[in-house]
Amino acid sequence: MDQAGSRHYPDKPGKVYLFGTCLIDLFCPDAGVNAVKLLEREGIEVHFPADQTCCGQPAHSSGFPEQARAVALAQLRLFPEPWPVIVPSGSCAGTMRHHYPEMFADDPRLQAEAAALGDRVFELTEFLVHVARVDLADRGAPTRVALHTSCAARREMGTHLHGRSLLAQLADVEVIIHEHEAECCGFGGTFSLKHPAISSAMAGDKVDALQETGAQTFVSADCGCMLSLNHTLQKRGDGFQGQHLATFLWQRTSGEGGQP
């Protein structure tokens, strides 16, 4: 939906906001820290509003519009300066960009505010490719990786294209496309809680496909998917684990330890 050519991309700004997402805040803060490092390396000053919480996606996708609206309203005015809002999750970015205006359809003033915010929302990899226009230098050992992309992020933000574009800049990284790349991993936020058996079966199919590629690791720009797949692998006693793409990119290009 938001692929290059269908969205206007501004020049690289001097300052941005980071919306860190609740999952990154609680479960993989390193991804948020590495997102900041990637942005700061491009000469961009990153601001993190302390009062941010969830984007409201779980309530919205579970059919609780009033609760989703309340959560969205709490985020709506956290970004008063006209800077881009960078989100290291395609599904959360999609919620803020596409669904916030829908949530306030009955209030023209709030809908206008939501639409104005949505115009400034960029998923992290989208921003790095089309706005910051990064030129990455690979400093890691040769490796093979598979890319997992959130199904919602693919549909709403085109993140599979942005992720591939960034990985293609890494000279010693071979990206392998797996057979179930476009399919849902089974997480789906509250779906995994309401339908655990179905969710587990879907996650099992996904990790089977990832492992069959022969990749040494997998990367994902969505923390929820990554956690679901990693937990599935851990339950199997398997050492194959994935990383958030922000962490993978920083490790590969910074020379810091832990490079896959």
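Residues numbered from 1 in each chain as written. Predicted model: local features only at pLDDT ≥ 70, side-chain atom pairs only at ≥ 80, totals over all residues. Heavy atoms only, no water.

Colleague: An account of the pattern of salt bridges is requested, with residue identities and associated values reported.
Modeller: Side chains carrying opposite charge are able to pair once their charged atoms draw close together. This model, assessed by the stated rule, comprises 10 salt bridges. With a shortest N-O distance of 3.8 Å, aspartate 119 and arginine 97 are connected by a salt bridge. On the criterion of sequence distance, the pair formed by aspartate 119 in helix α6 (residues 108–120) and arginine 97 in helix α5 (residues 90–103) is long-range, its members being 22 residues apart. According to the relative accessible area criterion, aspartate 119 is exposed, its value standing at 53%. Among the salt bridges present, the one from arginine 252 reaches aspartate 138, with a minimum N-O distance of 2.9 Å. Note that arginine 252 is positioned in helix α13 (residues 245–254) and aspartate 138 in the loop between α7 (124–130) and β5 (143–148), a separation of 114 residues in sequence. The same class applies to arginine 252 and to aspartate 138, which are both buried. Three or more residues are tied together by salt bridges with common partners; here these are Arg77, Arg109 and Glu113. (Salt bridge = Lys/Arg side-chain N within 4 Å of Asp/Glu carboxyl O. Helix = DSSP H or I, 4+ residues; strand = E, 2+ residues; numbered from the N terminus. Buried < 20%, exposed > 50% of the residue type's maximum accessible area, 1.4 Å probe, protein only.)

Colleague: Tell me about the sheet that holds strand β2 (residues 45–47), and name the residues and values.
Modeller: Backbone-to-backbone hydrogen bonds pair the strands of a sheet. The strands run either parallel or antiparallel. Spatially, β2-β1-β3-β4 is the arrangement adopted by the four strands of the open sheet, whose pairing is parallel. Looking at the sheet topology across the chains shown, the edges are occupied by β2 and β4 (121–123). The sheet shows a mean angle of 35 degrees between the axes of neighbouring strands, taken without regard to direction. Pairing geometry for strand β3 (residues 85–87) and β4, over three bridges, is parallel. Each residue of the ladder has a partner; that of valine 85, found in β4, is valine 121. (Pairing = 2+ DSSP bridges. Axes fitted to C-alpha atoms, helices over the stretch in contact; angles between N-to-C directions.)

Colleague: A description of α13 should follow, citing residues and the corresponding values.
Modeller: Note on helix geometry: an α-helix contains 3.6 residues per turn, so any two residues three or four positions apart are oriented the same way. For α13, the buried fraction is high: 10 of the 10 residues fall into the buried class. Every buried residue of α13 is accounted for by Leu245, Ala246, Thr247, Phe248, Leu249, Trp250, Gln251, Arg252, Thr253 and Ser254. In the stretch just after α13, glycine 255 is the one whose phi turns positive, near 85 degrees.

Colleague: Give me the lowdown on the state of the cysteines, citing residues and values where you can.
Modeller: Working definition: the covalent bond between the sulfur atoms of two cysteines is a disulfide. The full count for this structure, using the stated rule, is one disulfide. Disulfide pairing places cysteine 28 opposite cysteine 223 at an S-S distance of 2.2 Å. With cysteine 28 in the loop between α1 (22–27) and α2 (29–41) and cysteine 223 in helix α12 (residues 223–235), this pair connects stretches of sequence that are 195 residues apart. Judged by its relative accessible area of 4%, cysteine 28 falls in the buried class. Between cysteine 55, a cysteine without a disulfide, and cysteine 92, which holds the nearest cysteine sulfur, the sulfur-to-sulfur distance is 4.0 Å. (Disulfide = S-S within 2.5 Å.)

Colleague: Describe in detail the sheet that holds strand β7 (residues 217–220), supporting the description with residues and values.
Modeller: A sheet is described by the order of its strands in space; here four strands give the open sequence β6-β5-β7-β8, paired in parallel fashion. Both edges of this open sheet fall to β6 (173–176) and β8 (242–244), since each of them pairs with a single strand only. Strand-to-strand twist of the sheet, defined as the mean angle between neighbouring strand axes without regard to direction, takes the value 35 degrees. The pairing of β5 with β7 spans four bridges and is classified as parallel. Looking across to β7, one finds that histidine 148 is bridged to serine 220. Against the sheet, α12 touches β5, β7 and β8, its axis set at about 155 degrees to β7. (Contact = heavy atoms within 4.5 Å.)

Colleague: Explain the side chain of threonine 149 residue by residue, including any values.
Modeller: Take threonine 149: it is sitting in the loop between β5 and α8 (151–157). Among the polar contacts listed, one links the side chain of threonine 149 to the side chain of arginine 154, at a separation of 3.0 Å. (Polar contact = N/O pair within 3.5 Å; in protein donor to acceptor, adjacent residues only side chain to side chain.)

Colleague: Give me the environment of alanine 70: which residues, what numbers.
Modeller: Inspection of the secondary structure puts alanine 70 in helix α4 (residues 65–76). Classification of alanine 70 as partly exposed rests on a relative accessible area of 48%. Taking C-alpha positions, alanine 70 is 28 Å from threonine 149, a pair spaced 79 residues apart along the chain.

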